[in-house]
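# Understanding the architecture of this molecule
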Amino acid sequence: MKTVTIDVEKCNKDGICVMACPANVIQMGAPDDVPAPIQDFETYCLKCGHCTAVCPTGAFSLNWLSPDQCPPIQREPTLSEQQSEQLLRRRRSIRNYKDKPVEREKLAKLLEIACYAPSARNNQPWHWTVVVEPAQTRRFAGMVIDWMRTVIEQNPEQAELRGFPRVVSAWDAGEERICRGAPHIIVVHGDKNYGFGAEDGALALGYLELYAPAIGLGSCWGGYFYSAVNACPPLFEALSLPTDHRAFGAVMVGYAKFRYQRLPLRNNPRVNWK
Ligand SMILES: Cc1cc2nc3c(=O)[nH]c(=O)nc-3n(C[C@H](O)[C@H](O)[C@H](O)COP(=O)(O)O)c2cc1C
């Protein structure tokens, strides 16, 4: 089966597909020729779909992606500059949640959108473990606390640096600072030897966090949680992560209890203009 099909009636030979291809696996032949894949196309193609998505005439099909399968980009309504700034500045790490589980479809939608994040070489290395039962989220938070107690005992200096004693004291006083009482924790994980796991994982969770408020949800990175997943075998096993995986990150998710009224400030960019 051919990997690339060019509709010669539609192709206007503008070469945009060639220029947009990140892997340089499409070439123009003679001036009157339509584009064609290079010999090693299948070896080097990233399967990013840019060629099909960028073609102004819908002439470019891959054997796994036709123009008809790609939803058209809606030019309107578009986010204004001000709305875009609000979208990005309004996202908050949410640490107070309603006692209400999130519907499965909404959790699934979060993951669907997260998977549109960029990833190195379009590798899309993400696997997801979603803790659906609030009681389980609480149980896993307790396992993180158990692990913290061990670190406090065995390596008090490191524990202090990472703020563990305060988190454990809070737990003992009845305050849960691991998942902050969120009903769900979502772990993104993948091949433990994959070099860009941390970056790709963080980007996917960034997408998830930016999208969550649009469907009424709040979220917050679970830094303690995912560190514990990688450092504490009982937690890793309790989550049933594959043995050749590691956690790239985690977020707690739920319905936010409070609404923010103002945008807090952040540091100005530290820039060296050269
Ligand atoms: C890698 C990473 C780990 C984090 N871990 C935690 C965490 O374990 N618990 C928590 O409450 N917040 C955690 N956060 C959230 C940060 O504290 C938060 O992003 C920061 O205070 C800024 O607030 P904002 O996200 O509302 O702008 C983490 C954030 C990142 C990026």
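Residues numbered from 1 in each chain as written. Predicted model: local features only at pLDDT ≥ 70, side-chain atom pairs only at ≥ 80, totals over all residues. Heavy atoms only, no water.

A word on the overall build of the chain. In terms of helices and strands, the chain carries eleven helices and eight strands. In terms of its C-alpha atoms, the chain occupies a principal-axis envelope of roughly 75 × 50 × 45 Å. Within the chain, the fraction of its 274 residues that count as buried is 37%. In the chain, once contacts between residues fewer than 6 apart in sequence are set aside, the share between residues at least 24 apart is 72%. (Helix = DSSP H or I, 4+ residues; strand = E, 2+ residues; numbered from the N terminus. Buried < 20%, exposed > 50% of the residue type's maximum accessible area, 1.4 Å probe, protein only. Contact = heavy atoms within 4.5 Å.)

Before going further, it helps to spend a moment on the side chain of Ser219. With respect to the element layout, Ser219 can be found in strand 7 (residues 218–221). For Ser219, the contacting residues outside a window of four places in its chain are Arg92, Ser93, Ile94, Tyr97, Glu209, Ala212, Met252 and Val253.

Surrounding the ligand, one finds Arg91, Arg92, Ser93, Arg95, Arg180, Cys220, Trp221, Gly222, Gly223, Tyr224 and Arg266. Separating an oxygen atom of the ligand from a backbone N or O atom of Gly223 is a distance of 2.9 Å. Coverage of the ligand by the protein chains reaches 63% of its 620 Å² of free accessible surface. Put simply, the parts of the chain that give the shell around the ligand at least two residues each are strand 7 and helix 10 (223–231). Tallied by class, the residues present in the shell around the ligand amount to three nonpolar, three polar and five charged. (Near = heavy atom within 4 Å. Polar contact = N/O pair within 3.5 Å; in protein donor to acceptor, adjacent residues only side chain to side chain. Areas by Shrake-Rupley, 256 points an atom, 1.4 Å probe, with all protein chains shown as cover. Nonpolar A, V, L, I, M, F, W, Y, C, P; charged D, E, K, R; others polar.)

This paragraph deals with the packing of helix 6 (residues 134–154) against helix 8 (residues 164–172). It is the contact of helix 6 with helix 8, at a shortest axis distance of 10 Å, that shows an interaxial angle of 130°. Comparing the axis directions of helix 6 and helix 8 gives the class oblique. Where helix 6 crosses over helix 8, the handedness of that crossing is left-handed. In this structure, helix 6 uses Arg138, Ala141, Gly142, Ile145, Trp147, Met148, Arg149, Val151 and Ile152 to contact helix 8, whose residues at the interface are Phe164, Pro165, Val167, Val168, Trp171 and Asp172. For the contact of helix 6 with helix 8, a count of residues per class yields eleven nonpolar, one polar and three charged. (Axes fitted to C-alpha atoms, helices over the stretch in contact; angles between N-to-C directions. Parallel < 35°, antiparallel > 145°, perpendicular 65-115°, else oblique. Left-handed = near helix turned anticlockwise from the far one by under 90°.)

Moving on, we get to the sheet that holds strand 7. The strands that make up a sheet are held in pairs by hydrogen bonds between backbone atoms, and each pair lies either parallel or antiparallel. Pairing is antiparallel in the open sheet, where four strands are placed in the order 5-6-8-7. Only two strands of the sheet have a single partner each, and these edge strands are strand 5 (127–131) and strand 7. Between one strand axis and the next, the sheet turns by 25° as a mean value, whatever way the strands run. (Pairing = 2+ DSSP bridges.)

So, on to the pattern of salt bridges. Evaluation of the coordinates by the stated rule reveals four salt bridges. Among the ionic pairs, Glu112 bridges to Lys109, the shortest N-O distance being 3.5 Å. Of this pair, Glu112 and Lys109 both sit in helix 5 (residues 104–114), three residues apart, roughly one helical turn. For Glu112, a relative accessible area of 39% gives the class partly exposed. According to the relative accessible area criterion, Lys109 is partly exposed, its value standing at 29%. A salt bridge links Arg149 to Asp172, with the nearest nitrogen and oxygen atoms 2.7 Å apart. Taken together, the residues span a long stretch of sequence, with Arg149 in helix 6 and Asp172 in helix 8 at a distance of 23 residues. (Salt bridge = Lys/Arg side-chain N within 4 Å of Asp/Glu carboxyl O.)

Next up on the list: the side chain of Thr52. Tracing the backbone through its elements, the reader meets Thr52 in helix 3 (residues 50–54). Classification of Thr52 by relative accessible area gives buried; the value is 5%. Aside from chain neighbours lying at most four places away, what touches Thr52 is Phe60, Ser61, Leu62, Leu65, Ser66, Pro67 and Cys70.

A few words on the nonpolar core. Of all hydrophobic cores here, the largest spans 33 residues; its most connected members are Met148, Ile178, Phe225, Leu235 and Leu239. With eight residues, helix 6 is the largest single contributor of residues to this core. If sequence neighbours within four positions are ignored, Leu239 has contacts with Thr129, Val131, Phe140, Val187, Phe225 and Val229. Counting 20 residues, the second largest nonpolar core, distinct from the first, contains Leu110, Val188, Leu217 and Val253. (Core = buried A, V, L, I, M, F, W, Y, C linked by side-chain atoms within 4.5 Å.)

Limitation: the analysis is restricted to geometry and does not speak to function.
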